[in-house]
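Residue strings, one per chain:
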Amino acid sequence: MNQIKNLILDMDGVLWRGDVPMPGLAEFFETMQQQGIGVVMATNNASKTPQQYVAKLAKFGVTVSEEQIFTSAEATGDYLQRTYKPGVKAFVVGDVGLVTAVQSRGFQLLSVEEVMGGETAVFVVAGFNPNAVYAQMAAGALLIHKGADFVGTNPDLTFPSEYGPLPGAGSFLAFLQAATGVEPVVIGKPGPLIFQMAMEKLGGTPQNTAMVGDRLETDIAGGKAAGIQTILVLSGISQLEDVAKANDLQPDFIFADIAEIAKEVADNKLSFGQR
Ligand SMILES: [Mg+2]
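Reading guide: rules and limits
Residues numbered from 1 in each chain as written. Predicted model: local features only at pLDDT ≥ 70, side-chain atom pairs only at ≥ 80, totals over all residues. Heavy atoms only, no water. Core = buried A, V, L, I, M, F, W, Y, C linked by side-chain atoms within 4.5 Å. Buried < 20%, exposed > 50% of the residue type's maximum accessible area, 1.4 Å probe, protein only. Helix = DSSP H or I, 4+ residues; strand = E, 2+ residues; numbered from the N terminus. Contact = heavy atoms within 4.5 Å. Pairing = 2+ DSSP bridges. Axes fitted to C-alpha atoms, helices over the stretch in contact; angles between N-to-C directions. Salt bridge = Lys/Arg side-chain N within 4 Å of Asp/Glu carboxyl O. Donors = N, O, S within 2.8 Å, 3.2 Å for Na, K, Ca; no water. Domains from an automatic or database assignment. Buried area = accessible area lost by both parts, 1.4 Å probe. Polar contact = N/O pair within 3.5 Å; in protein donor to acceptor, adjacent residues only side chain to side chain. Nonpolar A, V, L, I, M, F, W, Y, C, P; charged D, E, K, R; others polar.

A.B. asks: Explain the nonpolar core residue by residue, including any values.
C.D. replies: Ranked by internal contacts, the top residues of the largest apolar core, which has 35 residues, are Ile 8, Leu 80, Val 102, Phe 107, Phe 123 and Val 125. Elements with a contribution of two residues or more to this core: strand 4 (38-43), helix 3 (72-83), strand 6 (89-93), helix 4 (96-103), strand 8 (123-126), helix 8 (193-202) and helix 9 (216-226). No other element matches the 7 residues that helix 8 contributes to this core. With near-sequence residues (within four places) excluded, Val 102 lies in contact with Leu 80, Ala 90, Val 92, Phe 107, Leu 109, Phe 123 and Val 125.

A.B. asks: Tell me about the sheet that holds strand 5 (residues 69-71), and please be specific about residues and values.
C.D. replies: Paired through their backbone hydrogen bonds, the strands of a sheet run either parallel or antiparallel. One open sheet holds the 6 strands; their spatial order is 5-4-1-13-14-15, and the pairing between them is parallel. The open sheet has two edge strands with one neighbour each: strand 5 and strand 15 (253-255). Averaged over all pairs of adjacent strands, the angle between their axes in this sheet comes to 25 degrees, without regard to strand direction. Of the strand pairs in this sheet, strand 13 (residues 209-213) and strand 14 (residues 229-233) are connected by 4 bridges, and their pairing is parallel. Residue Met 211 lies in a different strand from strand 14, and its bridge partner there is Thr 230. Contacting strand 4 and strand 5, helix 2 (residues 50-59) crosses the sheet at an angle of about 135 degrees to strand 5.

A.B. asks: Which residues make up the pattern of salt bridges, and what values do they have?
C.D. replies: Applying the stated criterion to the full structure yields 9 salt bridges. Asp 78 is the salt-bridge partner of Arg 105, the closest N and O atoms lying 2.9 Å from each other. With Arg 105 in the loop between helix 4 and strand 7 (108-109) and Asp 78 in helix 3, the pair connects residues that are 27 residues apart, well separated along the chain. Overall, Asp 78 belongs to the partly exposed group, its relative accessible area being 22%.

A.B. asks: Kindly report on the coordination of the magnesium ion, identifying the contributing residues and their values.
C.D. replies: For the magnesium ion, every protein donor is listed as Asp 10 (OD), Asp 12 (O) and Asp 214 (OD), and the spread of their distances is 2.0 to 2.2 Å. On the accessibility criterion, Asp 10 (9% relative accessible area) is buried.

A.B. asks: Tell me about the sheet that holds strand 9 (residues 149-152), residues and numbers included.
C.D. replies: Taken in spatial order, the 5 strands of this open sheet run 7-6-8-9-12, and their pairing is parallel. If you trace the sheet from one side to the other, it starts and ends with strand 7 and strand 12 (185-186), each paired once. Here 4 bridges tie strand 8 to strand 9, and the two strands are oriented parallel to one another. Bridged to Val 124 within strand 9 is Phe 150. Packed on one face of the sheet, helix 3 meets strand 8, strand 9 and strand 12 and runs near 150 degrees to strand 9. Contacts from helix 6 (residues 134-145) reach strand 6, strand 8 and strand 9 within the one sheet, and its direction differs from that of strand 6 by about 135 degrees.

A.B. asks: Account for the domain arrangement of the protein, with residues named and values stated.
C.D. replies: Taken domain by domain, the protein comprises domain 1 (6-44 + 189-266) and domain 2 (76-186). Taking only C-alpha atoms into account, the centre of domain 1 sits 29 Å from that of domain 2. The interface is formed by 6 residues belonging to domain 1 together with 8 residues belonging to domain 2. Summing both sides of the interface, domain 1 and domain 2 together bury roughly 600 Å²; the carbon and sulfur share of this comes to 56%. Sorting the residues of domain 1 by area buried against domain 2 places Asn 44, Leu 193 and Met 197 first, and these three jointly supply 71% of that buried surface. Inspection of the region where domain 1 meets domain 2 yields 3 residue pairs in polar contact (both at pLDDT 80 or more). Taken together, the residues that form the side of domain 1 that touches domain 2 break down as 3 nonpolar, 1 polar and 2 charged.

A.B. asks: Quick rundown of the pairing of strand 1 (residues 6-9)? Include the residues and the values.
C.D. replies: Of the two faces of strand 1, the one holding Asn 6 and Ile 8 and the one holding Leu 7 and Leu 9 are both buried throughout. Here 4 bridges tie strand 1 to strand 4, and the two strands are oriented parallel to one another. From the neighbouring strand, Leu 7 faces strand 4, where its bridge partner is Val 39. Of the pairings in the sheet, the one linking strand 1 to strand 13 comprises 4 bridges and is parallel in character. Across the sheet, Leu 7 pairs through a bridge with Ala 210, a residue of strand 13.

Have a look at this one:
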């Protein structure tokens, strides 16, 4: 019996495709609420804020709170908060979203000038930056070289665009790693940290928490690394032939889509939600 009480949901390929909601999206959230199942959305995408995801879901008739949206920027902020003392010196190689996540948690943010003037930091945190400048990346590399911890938001090397794949957060981390020889602690999928922290937010345990995702090599791999239950939906990237080929990435459950999960939950077929 799998007494799932908490679900950690990937979004694209699970809740929607681009700007098109999956069939039964609003009903899915209603069913989870009726059955008392806690829900958090987790994404590697740090370029949108939780408010923007709340607004997108509202457009599809779904009400969630900002606390239920866990982006890799938010997860990184939480990781830094639990790992470092408030007020320690830090440096951000990234855009305004990451700067806000670090500043709002009480860390002392160094400027490029302070770093070039000889200041040292306890940690450098890096992520995607569409406004990247060499001086900022150089300052980050100098600090890591001097011994600052190196933390990254997510490992995605590229992201899709209308022009083709463009450099993502992982490419920025690779730049700093190449320059320093230091490997970052990476928060996003397929690492376990984002799922472990989402589970803690839900007050769940590995036995009663499942992740729902559409990609074996990120979602299912991350869920397994975190030691939680894994559910693959076939409404996105990975299909049954991929599962057949993926020896060590077998999900605990496979469903066509979230509508099928909602039906199973409502029928108590998998004892979802039962104590
Ligand atoms: Mg996805």
